2 protein chains.
Amino acid sequence: MEHYDIVIIGAGSGNMIVNRKFASKKVAIIEANKFGGTCLNVGCIPTKMFVYTADVAAHIREAARFGITARLDSVDWPAIVDRIFSRIDANVAAAKQFREDNPNVTVYSTRARFIEDHVLELAPTDDEGAPGGTGAPSTGGQRISADQIVIATGSRPTIPDQFSSFDAVASGRVPVYTSDDIMRIPQLPDRLVIVGGGFIAAEFAHVFSELGVEVTLVERGPALLRHHDGEISQRFTALASKQWKVRLNTEVTAVEESPGGARVTLSTGDVLECAALLAATGRAPDTGELGLGNTSVRVEEDGRIVVDAHQRTSADGVWALGDVCSPWMLKHVANHEARVVQHNLLHPGELIKTDHRVVPSGVFTAPQIATVGLTSEMASEAGLDVVESVFDYKDVAYGWAMDDPEGFCKVIVDRPTGLIVGAHLLGAHATALIQQVVQAMTFGISAAEMARGQYWVHPALPEVVENALLGARIR
Amino acid sequence: MEHYDIVIIGAGSGNMIVNRKFASKKVAIIEANKFGGTCLNVGCIPTKMFVYTADVAAHIREAARFGITARLDSVDWPAIVDRIFSRIDANVAAAKQFREDNPNVTVYSTRARFIEDHVLELAPTDDEGAPGGTGAPSTGGQRISADQIVIATGSRPTIPDQFSSFDAVASGRVPVYTSDDIMRIPQLPDRLVIVGGGFIAAEFAHVFSELGVEVTLVERGPALLRHHDGEISQRFTALASKQWKVRLNTEVTAVEESPGGARVTLSTGDVLECAALLAATGRAPDTGELGLGNTSVRVEEDGRIVVDAHQRTSADGVWALGDVCSPWMLKHVANHEARVVQHNLLHPGELIKTDHRVVPSGVFTAPQIATVGLTSEMASEAGLDVVESVFDYKDVAYGWAMDDPEGFCKVIVDRPTGLIVGAHLLGAHATALIQQVVQAMTFGISAAEMARGQYWVHPALPEVVENALLGARIR
């Protein structure tokens, strides 16, 4: 049985761990799918490439407001897909090749299953024995062991439970797309039904809508982006309803095949015809095939692997990082956790801890949304004495220039300390503007210091943050 | 002779001084032109409204790269001008009306000239005695005095000396536009010659070029934006030369009237035909008509009023702020100086000082440029031991999404302290991205802390700053 110093399962964020400091370690990396994980292949990177393309289309559509007569004649979806994925696929291949060229690293392109805490069994590779296979040596049934094992298998999209009871779906006659495959569909649907109301639904609604698809969002709750600050959720839901067909408090009760693609029946009794159906209802930690039952690795009720602040699981010498264990399914959090594991693998006597205090996130929809820290609801529930301040894009110079009627920045300031405890932006470039607030919160710069202790470039867009801060008077 | 507690000359940044805390003071505000000053009327605000309009046009032109077929059919210049200035003019009028409604404030819509340190003589208003005049009481020859006088007359555009020797210009047969009037020309010229290579030239070149005008920049120096970091200046000059006709090391030697507008002869011997000519060669402090020779207010050789760190001139009880005295002709600096004067007028025993340490600035051209702190050249000249790091937009995820081939972020880090001493960005949203660096520099957050001490929203654009910082290894 081949023995390694370190085995890493999952070549997304897990692949970041191995750098030159690991040159003396014998390492195996096991990846059943593609190098780069969700982020590079089916997440952050390609979605933002599609989103930016949609943003370009949106600019064309808004040109008339600015005295410019322009026409959007057509959208070449296959060209867009090809531009995006030819670039991504080349990077994925290069990342894998780079690892295979590391003299101290063995790459196994297959799934792994725990036999016991430090022993893994490898599954046969998909193409094993198939004509045209890669000719890689068979891994089927092979076992390997390691002193340290890192679980970084990430997460996978889920499909609503009731969908498996629909014959047309269960039989595969009506495909239900997820974020894993919707970006590679061969042609744009004329009508798309998106089930879900979270950030993935919001991003794809923007993409497909701007590229000319009639989009309907079906959300079982009373609003979109319900985990966000209430004001963000409320205003975004209103804006979304102007751009797309939005069905709230609604579930899908039946899916049938139809000549145009699918016929979707809603709990309201309404029936929607569409060419494609996208489930964007959530993601689950990807532990299903790991055989964790054979180990002493504990798992939360929601499927996440339990880790301590050092990213150690309950099994000695077994670590986890990223979506498979993290309370935040965010790439920047996974990166941070990977750096913590990296350090801790090399310095067992000086373990460092993960810092989950100030975690921002962004939604690249229309308009963009960014958030960090407490929502108004969380601050209220925690009984904090806070001051809230909201400032609109339209009341700063750059918002004038953009003729932006809807953007705003909200800050929540703790009255006793003057520190910012939350910030929420909806509007152009929100995901860039939030970063400065993250910095203030992380380094303990108070709202008043941040607002008046520095020059703000006039007339640039961060002035909306400045003015929101100025409005949060704690005295 | 009417006596005031405070007289403010200039209702741009000077107008910000008077708030509720001045309710018990008898105040006069003297403004010969428009309330709001350069920024609101002919500077930051309208230029950015034109720039954003140009940005929209640019998005349409780049659509093909993103798989979108679009056409820009026409640009309605009069509609653009009307949209922008109807909004601005309404705000200017409202600002003036607001002041006139202050019971403790008298507004004089005319010029003022010092008779001695604390006595001013008012010029006749332009429409005095003219049919259809405003009917306001005559101010001609009226004298007023004040305990405290604030000079906030700003700056005005200059025209190259040699232009006055050109008959066609001196006689007015060929108008030479400046930033004061180019934005209100009745129709777009087919060809525009811009003399100058600084930020005003760069912004107007972008505006007019994207709106369909053939633009030629004539710059006497060897590069554009020469006061910027050398790498910014060099890369921008190269990019500008792809977008516009750029003539470097060149001066205008003759201007004559021609059927299409003007014929401009260059020092190279070349002759340019154009419909309009814009001088964007600099701005000078606006002290010309103030009669400072009658006072003990000292003036620098370059025309700026000498002030100390409290914004006091050399004449007791006479203050100055903004472009008329500041080493920085920037609205955010004038705002800061106005706040200092505001405080100091109210607290003569507890004067505060102006802080000019970390002053950022932006150029809203294509691509955007933003800068703060030392350039490479300044750091080298100061003999600092620095590490420089440059990171390209194209190597972060959002840069991929934008398909941006040219943007970059440069940081300059002081090796002994690890502190950032300068940062320079060229690329989309540079004027927003710089603000976070301003914050780090102002509050003493080191490059290493800034890079690794916080979460960076993935895949948002600030990651280009993060990566530039990571590249500046001081050990």
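Residues numbered from 1 in each chain as written. Chains lettered and ligands numbered in written order. Predicted model: local features only at pLDDT ≥ 70, side-chain atom pairs only at ≥ 80, totals over all residues. Heavy atoms only, no water.

Draft legend 1. Quick look at the side chain of T287 of chain B. On the secondary structure map, T287 of chain B appears in the loop between β17 (283–285) and β18 (318–320). Not counting residues within four places of it along the chain, the set of residues in contact with T287 of chain B comprises L292, G303, I305 and V324 of chain B. (Helix = DSSP H or I, 4+ residues; strand = E, 2+ residues; numbered from the N terminus. Contact = heavy atoms within 4.5 Å.)

Draft legend 2. Expanded view of the interface of chain A and chain B. Contact residues are listed per partner, giving 78 residues for chain A and 79 residues for chain B. Across the chain A to chain B interface the summed buried area is about 6,800 Å²; carbon plus sulfur atoms make up 63%. Contact with chain B buries surface across chain A, with Y52, W400 and Y455 of chain A losing the most and accounting together for 14% of the total. Summed over the shared surface of chain A and chain B, the number is two salt bridges. At the junction of chain A with chain B, the criterion picks out 24 residue pairs in polar contact (both at pLDDT 80 or more). Bridge count between strand β3 (residues 68–75) of chain A and strand β3 (residues 68–75) of chain B: seven bridges; the pairing is antiparallel. Paired with I68 of chain A across the two strands is V75 of chain B, which belongs to β3 of chain B. (Buried area = accessible area lost by both parts, 1.4 Å probe. Salt bridge = Lys/Arg side-chain N within 4 Å of Asp/Glu carboxyl O. Polar contact = N/O pair within 3.5 Å; in protein donor to acceptor, adjacent residues only side chain to side chain. Pairing = 2+ DSSP bridges.)

Draft legend 3. Inspection of the sheet that holds strand β15 (residues 271–274) of chain B at higher detail. Residues and elements named next belong to chain B. Strand order in the open sheet made by the three strands is β13-β14-β15, with antiparallel pairing throughout. Of all the strands in the sheet, just β13 (252–258) and β15 have a single pairing partner and so form its edges. Strand after strand, the sheet turns through a mean of 20° between neighbouring axes, direction not considered. Pairing of strand β14 (residues 261–266) with β15, which is carried by four bridges, proceeds in the antiparallel orientation. Directly across from T265, in β15, lies its bridge partner V271. (Axes fitted to C-alpha atoms, helices over the stretch in contact; angles between N-to-C directions.)

Draft legend 4. Up close: the pairing of strand β19 (residues 360–363) of chain B. Residues and elements named next belong to chain B. Residue alternation in β19 divides its side chains into two sets, P360 and G362 and S361 and V363, and both sets are buried. Where β19 meets strand β20 (residues 369–373), four bridges bridge the pair, whose relative direction is antiparallel. Directly across from S361, in β20, lies its bridge partner T371. Taking the residues between adjacent antiparallel strands as the criterion, β19 and β20 are bridged by five residues. (Buried < 20%, exposed > 50% of the residue type's maximum accessible area, 1.4 Å probe, protein only.)

Draft legend 5. Looking closely at the side chain of H310 of chain B. Residues and elements named next belong to chain B. Considering the arrangement of structural elements, one finds H310 in the loop between β17 and β18. Assessed through its relative accessible area of 14%, H310 is described here as buried. Setting aside chain neighbours within four positions, we find H310 in contact with W319, V340, N344, L351, I352 and K353.

Draft legend 6. Main features of the nonpolar core. One finds I194, F208 and V465 of chain A together with I194, F208 and V465 of chain B to be the most contacted residues of the largest nonpolar core, which totals 221 residues. Setting aside residues no more than four positions away along its own chain, I194 of chain A makes contact with A201, F204, A205, V215, T216, L217, V218, L278 and A280 of chain A. (Core = buried A, V, L, I, M, F, W, Y, C linked by side-chain atoms within 4.5 Å.)

Draft legend 7. Spotlight on the packing of aromatic side chains. A complete count under the given rule lists 20 aromatic pairs over all chains for this structure. Note on F364 of chain A and Y398 of chain B: the rings are 6.0 Å apart at their centroids and 35° apart in plane angle, and the pair reads as tilted. Taken as a pair, F364 of chain A in the loop between β19 (360–363) and β20 (369–373) and Y398 of chain B in helix α9 (residues 397–402) lie in two separate chains rather than in one. Neither F364 of chain A nor Y398 of chain B differs from the other in exposure class; each is buried. Taken together, the ring pairs in this structure connect F50, W77, F85, F204 and F208 of chain A into an aromatic cluster. Directly above the ring of Y4 of chain A sits K26 of chain A, whose terminal nitrogen or CZ lies 5.0 Å from the centroid. It is R184 of chain A that lies over the ring of F85 of chain A; its NZ or CZ is 3.9 Å from the centre. (Phe/Tyr/Trp six-rings, centres within 6.5 Å; stacked < 30°, edge-to-face > 60°. Lys NZ or Arg CZ within 6 Å of the ring centre and 35° of its normal.)

Draft legend 8. Focus on the UniProt feature "binding site: NAD(+)" (unreviewed entry) in chain A. Residues and elements named next belong to chain A. The feature "binding site: NAD(+)" (unreviewed entry), as annotated in UniProt, sits at G196, G197, G198, F199, I200, A201, A202, E203, E219 and G282 in this numbering. Spatial clustering of the annotated residues is evident: they stretch over 87 residues in sequence, but the largest pairwise C-alpha distance comes to 14.4 Å. Relative to the assigned elements, G196 resides in the loop between β10 (191–195) and α5 (199–210). Sequence-distant contacts of G196, that is, excluding residues within four places in its chain, are made with A201, L217, V218, E219, A280 and T281. Relative to the helices and strands, G198 resides in the loop between β10 and α5. The exposure class of G198 is partly exposed, given its relative accessible area of 29%. (UniProt positions renumbered as here; feature names shortened; annotations may be inferred.)

Draft legend 9. Fine view of unusual backbone geometry. Geometrically, the link from A366 of chain A to P367 of chain A is a cis peptide bond, its omega value of -5° lying close to zero. Note that P367 of chain A resides in the loop between β19 and β20. A positive phi angle is found at L225 of chain B, which is not glycine, with a value near 50°. Mapped onto the elements of the fold, L225 of chain B is located in the loop between β11 (214–218) and α6 (230–243). On the basis of relative accessible area, L225 of chain B is assigned to the buried category, the value being 2%.

Draft legend 10. Representation of the pairing of β20 of chain A within the structure. Residue and element names in this part refer to chain A. Within β20, four of the five residues are buried, leaving the element largely enclosed by the surrounding structure. In the sheet, β20 pairs with strand β23 (residues 420–426) via five bridges, with the strands oriented antiparallel. Residue pairing for β23: T371 is matched across the bridge by H424.

Draft legend 11. Region of the structure containing the relation of the copies chain A and chain B. When chain A is fitted onto chain B, the two copies agree to an RMSD of 0.0 Å after a turn of 180° and an axial shift of 0.0 Å. Considering both components of the superposition, the chain copies are consistent with a two-fold axis. Interface residue correspondence from chain A to chain B reaches 100%, placing this contact among same-surface, isologous pairings. (Least-squares fit on C-alpha atoms with pLDDT ≥ 70 in both.)

Draft legend 12. Quick look at the environment of E116 of chain B. Residues and elements named next belong to chain B. Assignment of secondary structure puts E116 in strand β5 (residues 112–116). Classification of E116 by relative accessible area gives partly exposed; the value is 44%. Along the backbone, E116 and S296 are 180 residues apart, and their C-alpha atoms lie at a distance of 8.2 Å. When near neighbours in sequence (up to four residues on either side) are disregarded, E116 contacts N294 and T295.

Draft legend 13. The UniProt feature "binding site: FAD" (unreviewed entry) in chain A, seen in detail. Residues and elements named next belong to chain A. This chain's UniProt record puts "binding site: FAD" (unreviewed entry) on K48, T153, G154, S155, D323, M329, L330, K331 and H332. Counting through the fold element by element, K48 comes out in helix α2 (residues 44–61). In contact with D323, not counting residues within four places along its chain, are G154, S155, R283, P285, R304, W328, M329 and L330. Looking at D323, its side chain comes within polar contact range of the side chain of S155, at 2.7 Å.

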